[in-house]
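# Coordinate analysis (summary)
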Number of protein chains: 2
Amino acid sequence: MDEQNPASPTDEQTAADPSRSDQPTVDQLTVDQLSEGQLLARIFPRLRASASALIGPGDDAAVLTAPDGRVVISTDTLVQDQDFRLLWNNGCSSGGFEVGWKAAAQNLSDINAMGAVATGMVVSLTLPGATPVAWAEGLAEGLSQAISALGASGCGVVGGDLSGGREISVTVTVLGDLARRAPVLRSGAEPGDQLAIAGRLGWAAAGWALLESGIPFAALSPAEQRLIEAFHCPRPPLPAGPLAAASGAKAMLDISDGLIRDAGRLAGSSGVRIDLDARVLAGFREPLEAAASRLGASALDWVLGGGEDYGLLSAFDGDAQLPHGFAAIGSILSKKDGTAPESAVTVSGRHSDTVGWDHFAD
Amino acid sequence: MDEQNPASPTDEQTAADPSRSDQPTVDQLTVDQLSEGQLLARIFPRLRASASALIGPGDDAAVLTAPDGRVVISTDTLVQDQDFRLLWNNGCSSGGFEVGWKAAAQNLSDINAMGAVATGMVVSLTLPGATPVAWAEGLAEGLSQAISALGASGCGVVGGDLSGGREISVTVTVLGDLARRAPVLRSGAEPGDQLAIAGRLGWAAAGWALLESGIPFAALSPAEQRLIEAFHCPRPPLPAGPLAAASGAKAMLDISDGLIRDAGRLAGSSGVRIDLDARVLAGFREPLEAAASRLGASALDWVLGGGEDYGLLSAFDGDAQLPHGFAAIGSILSKKDGTAPESAVTVSGRHSDTVGWDHFAD
């Protein structure tokens, strides 16, 4: 409604790094040079379709199958300079591909954490007028390739919305199907249960620290470059959620804000305490030690406090055999009277003061 | 993940107009003074619950019933300074209440336009740190009151996401149930059908023009003030969508970008032409004439090109009795060979060069 006041370009918006080989920059067209219809015509062919779509993009709304009479829904937003940077301190850029991948991955993870299988997503995209069209095309490709590569084979993009704005923002809303099973909530853990994890810990936090460092990408080891890749293109263990549900998981959530913080949420919802096993956690430090040493950081802090790897934290009966992909990481204990939620998680009996991220507080 | 780089306040973010009686400003707390959990604790109690929610807010995802084994989904975003202003030229402000109302209304309208009934929505909210907490609380109240007042009694807010950013952005994704009927698409109109409309035309465009004028709110007539209200708190005719579907509507969409443009979309999807009746359109001009006269604008331009009133445009058989709330507004004709989509809509046989809004093109 507001063409009189088009978004003005900012430094960030023109800072895309042409040295990144995975980001097409031969096409210098920007989105304000196209009509909405023309831009959609560039994006649509790159979007993966959903096998569950009865009515796909192009009408007022999409229609998806909901085979068991229920539908799981979650939404998450990535905002420029909050969740990603077009130009990082080390010279790397978050291209559309990486942002699209991450937007898909973090939403697919929420469906996974309920024990459900994703069926479709809608994408609302806000772009400053100076955004390269190639960036928007890359976003569509990143969304689609993440869905494929992570194994959400029944999922695709069924609709969306396009807006102008002063900063790039991507909101994905994803739907899922529970396959006639009960959803696995955060609230079902009981004393005596074993706590198990599937997926990575601390990789994205380490990658983020490397991106924010002054160390050029080319000066990093292949292992360190993989940590940056883990931040940009996280790999939530998608088969693990429905598998855990089918294997009797009693409580589950995905680790988006850090192990300690998210374990605290599970503990709070279930009314229990959690004790993490320090020896098991030590094993998660190993792939991070070189980067931690280079940056003078603590690999254990990344393991305990780092989010955005989207591993799954699940409670199973104490004598249950853990499903494939899960490793025991701690125990569910009775809550002591008067215990504050902040102290509901210990590491081999000791309090950890490492906490995850909060988008507003400092 | 990015607390090192909190959003900085801007002029717009501090420009909320304290003279607006419906906007609480006694509480000067801003969102960066609260943790995410504290802010959610202020917002949640103001959100209307959904009767269809099996699992509501607070877990990794929500679970809604999908009674007929299908689910309708649509998403739309409102962005500060694109879709609303915190301070308009005439001194009015878009409070959280108004933005929340509009975000709910435009999404409910998309479900309505499929002939479906809304069951639940998720809300992703991006707020600069300097946003007053009261603005966010108002947004929750606006969302909830729009759902109630528009008659979406089975709908509520089942989840969401909260981010920081440099500008306010609200993305609502809404789900709906088709009640075992086929969805009404844009593509079903046939030559010989009558075209009918439910709802308003041009009110929001007139209200927007008044907001952008230099005329203070208090200097406007009550009728003109109602046009501003129509822009801020639009009233899509929600019962009309399912009623039209049950009454045999063959094609339908909601008018979000202007009558000519959206009629053109229906014509294009259906492979037909549309002729609008100039005499009927004249009747829609009447409530806008005083404002048009004051601003030196054209009431007919608002009727033909103004969006965001979210009326419904529907095609019915030529001899069908129109359901309650619909008025005949034109005819569906055969497409001439080689007719471009732009000329697919005429007004009493004559081409109109008034078009609606495009978020990127000028």
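None of these values were measured; they are calculated from a predicted model. (Residues numbered from 1 in each chain as written. Chains lettered and ligands numbered in written order. Predicted model: local features only at pLDDT ≥ 70, side-chain atom pairs only at ≥ 80, totals over all residues. Heavy atoms only, no water.)

On to the interface of chain A and chain B. Of the residues lining the interface, 79 residues belong to chain A; the matching set on chain B comes to 78 residues. With both sides pooled, the region where chain A packs onto chain B buries about 6,800 Å², and carbon together with sulfur makes up 53% of that total. For the pair chain A and chain B, the number of links is six salt bridges. Between R166 of chain A and E167 of chain B there is a salt bridge, with its nearest N and O atoms 3.3 Å apart. (Contact = heavy atoms within 4.5 Å. Buried area = accessible area lost by both parts, 1.4 Å probe. Salt bridge = Lys/Arg side-chain N within 4 Å of Asp/Glu carboxyl O.)

Glancing now at the confidence of the model for chain A. Residues and elements named next belong to chain A. Averaged over every residue, the pLDDT of chain A is 90; residues scoring 70 or more account for 88%. The model gives residues 1–25 a pLDDT under 50, and that stretch makes 57 contacts with residues more than four places away or in other chains. For the stretch residues 355–362, pLDDT sits under 50, and the model shows 36 contacts to residues farther than four places along the chain or on other chains. (pLDDT = per-residue confidence, 0-100.)

Let's shift gears to unusual backbone geometry. At A179 of chain A, a position not held by glycine, the phi torsion is positive, near 55 degrees. Relative to the elements of secondary structure, A179 of chain A occurs in the loop between β6 (169–177) and β7 (194–198). (Helix = DSSP H or I, 4+ residues; strand = E, 2+ residues; numbered from the N terminus.)

Quick look at the sheet that holds strand β8 (residues 251–255) of chain B now. Residues and elements named next belong to chain B. Across the sheet, seven strands lie side by side as β8-β10-β7-β11-β9-β12-β13; this open sheet has mixed pairing. Strand pairing shows two members of the sheet lacking a second neighbour, β8 and β13 (350–351), which therefore form its edges. In terms of strand pairing, strand β9 (residues 272–276) meets strand β11 (residues 327–334) through five bridges, oriented antiparallel. Considered in β11, the bridge of L276 is made with G330. (Pairing = 2+ DSSP bridges.)

Below, the discussion takes up the side chain of D257 of chain B. All names here are of chain B. Of note, D257 is situated in the loop between β8 and α7 (259–270). According to the relative accessible area criterion, D257 is buried, its value standing at 14%. In terms of polar contacts, D257 uses its side chain to reach the side chain of R265, at 2.8 Å. (Buried < 20%, exposed > 50% of the residue type's maximum accessible area, 1.4 Å probe, protein only. Polar contact = N/O pair within 3.5 Å; in protein donor to acceptor, adjacent residues only side chain to side chain.)

Turning to the relation of the copies chain A and chain B, a few remarks are in order. Superposition record for chain A on chain B: RMSD 0.0 Å, screw rotation 180 degrees, translation along axis 0.0 Å. Viewed as a symmetry operation, the transformation between the two copies matches a two-fold axis. In terms of C-alpha distance to the rotation axis, chain A has G69 of chain A as its closest residue, with the C-alpha 2.4 Å off the axis. Comparing interface residues between copies, 99% of those in chain A also lie at the interface in chain B; the contact surface is shared. (Least-squares fit on C-alpha atoms with pLDDT ≥ 70 in both.)

Residues and elements named next belong to chain B. Burial of strand β4 (residues 117–127) is extensive: ten of the eleven residues sit out of reach of the surface. Bridge count for β4 against strand β6 (residues 169–177) is nine bridges, and the pairing is antiparallel. Residue pairing for β6: V122 is matched across the bridge by T173. The pairing of β4 with strand β5 (residues 157–164) spans seven bridges and is parallel. By the bridge assignment for β5, M121 is matched with V157. In the classification by handedness, the crossover that spans β4, the intervening helix α3 (residues 133–150) and the parallel β5 is right-handed. (Right-handed = clockwise from strand over helix to strand, strands pointing away.)

Attention now goes to the packing of helix α1 (residues 36–43) of chain A against helix α3 (residues 133–150) of chain A. Relative placement of two packed helices is described by the angle separating their axes and the distance separating the axes. All names here are of chain A. Relative to each other, α1 and α3 sit at 45 degrees, their axes nearing to 9 Å. Between α1 and α3, the crossing angle belongs to the class labelled oblique. Our pair here, α1 against α3, has a crossing hand that is right-handed. Between α1 and α3, the contacting residues are L39, R42 and I43 on the first element and V133, A136, E137 and A140 on the second. (Axes fitted to C-alpha atoms, helices over the stretch in contact; angles between N-to-C directions. Parallel < 35°, antiparallel > 145°, perpendicular 65-115°, else oblique. Left-handed = near helix turned anticlockwise from the far one by under 90°.)

Inspection of every chain in the model, using the stated rule, returns eight aromatic pairs over all chains. Between W88 of chain B and F231 of chain B, the ring centres sit 5.4 Å apart and the planes meet at 85 degrees, which makes this aromatic pair edge-to-face. Of the two residues, W88 of chain B sits in the loop between β3 (70–79) and α2 (96–112) while F231 of chain B sits in helix α5 (residues 222–232), which places them 143 residues apart along the sequence. Taken together, a centroid distance of 6.1 Å and an interplanar angle of 40 degrees make the contact between F97 of chain B and W101 of chain B tilted. Of this pair, F97 of chain B and W101 of chain B are both found in helix α2, four residues apart, which corresponds to roughly one turn of the helix. Of the two residues, F97 of chain B and W101 of chain B, neither departs from the other in class, the shared state being buried. Directly above the ring of W203 of chain A sits R200 of chain A, whose terminal nitrogen or CZ lies 4.1 Å from the centroid. Against the face of F231 of chain B rests K102 of chain B, its NZ or CZ located 3.5 Å from the ring centre. (Phe/Tyr/Trp six-rings, centres within 6.5 Å; stacked < 30°, edge-to-face > 60°. Lys NZ or Arg CZ within 6 Å of the ring centre and 35° of its normal.)

Moving on, we get to α7 of chain B. Residues and elements named next belong to chain B. In a regular helix each residue adds 1.5 Å, so twelve residues correspond to 16 Å; α7 covers 16 Å between its end C-alpha atoms and thus fits that length. Taken residue by residue, α7 has L259, I260, D262, A263, G264, L266, A267 and S270 as its buried positions. G271 sits one or two residues past α7 and shows a positive phi near 70 degrees. (Expected span 1.5 Å × (residues − 1).)

A separate point is the sheet that holds strand β9 (residues 272–276) of chain A. Residues and elements named next belong to chain A. The strand order β8-β10-β7-β11-β9-β12-β13 describes an open sheet built from seven strands, whose pairing is mixed. Each edge of the open sheet carries a strand with a single partner, namely β8 (251–255) and β13 (350–351). Contacting β7, β9, β11 (327–334) and β12 (345–347), helix α8 (residues 278–285) crosses the sheet at an angle of about 145 degrees to β11.

Time to look at the pattern of salt bridges. Summed over the entire model, instances satisfying the criterion amount to 34 salt bridges over all chains. When the shortest N-O distance is used, the salt bridge between D59 of chain B and R186 of chain A registers 3.8 Å. Of this pair, D59 of chain B sits in the loop between β1 (53–55) and β2 (62–65) while R186 of chain A sits in the loop between β6 and β7, placing the two residues on different chains. R186 of chain A carries the same exposure label as D59 of chain B, and that label is buried. In this structure, D277 of chain A engages R279 of chain A in a salt bridge whose closest nitrogen and oxygen atoms are separated by 3.3 Å.

Examined against the element boundaries, D110 of chain A turns out to sit in helix α2 (residues 96–112). Of the buried charged residues, D110 of chain A lacks a salt bridge, with R186 of chain A as the closest side chain of opposite charge at 5.9 Å. The residues touching D110 of chain A, leaving out its near neighbours within four places in the chain, are S74, D76 and D254 of chain A together with D60 and A61 of chain B. (Lys, Arg positive; Asp, Glu negative; His and termini not counted.)

The subject of this paragraph is the environment of S334 of chain B. Residues and elements named next belong to chain B. With respect to the helices and strands, S334 occurs in strand β11. Judged by relative accessible area, which is 44%, S334 ranks as partly exposed. Sequence separation between S334 and G271 is 63 residues; the distance between their C-alpha atoms is 8.0 Å. Beyond its immediate stretch of four places on either side in the chain, S334 contacts P191 and R273.

Okay, α2 of chain A next. Between its first and last C-alpha, α2 of chain A extends 24 Å over 17 residues, near the 24 Å set by a 1.5 Å rise per residue. Extensive coverage of α2 of chain A is indicated by the burial of 17 of its 17 residues.

The next point concerns the environment of E190 of chain A. Residue and element names in this part refer to chain A. Considering the arrangement of structural elements, one finds E190 in the loop between β6 and β7. For the pair E190 and S331, spaced 141 residues apart in the sequence, the C-alpha separation amounts to 9.7 Å. Only 2.8 Å separates the side chain of E190 from the side chain of K250, close enough to count as a polar contact.

Okay, the packing of helix α4 (residues 203–212) of chain A against helix α5 (residues 222–232) of chain A next. Residues and elements named next belong to chain A. Where α4 meets α5, the axes come as close as 7 Å, and the angle between the chain directions of the two elements is 105 degrees. By the angle between their directions, the pair α4 and α5 is classed as roughly perpendicular. Where α4 abuts α5, its residues W203, A204, A206, G207, W208, L210 and L211 lie against E224, R226, L227, I228, A230, F231 and H232.

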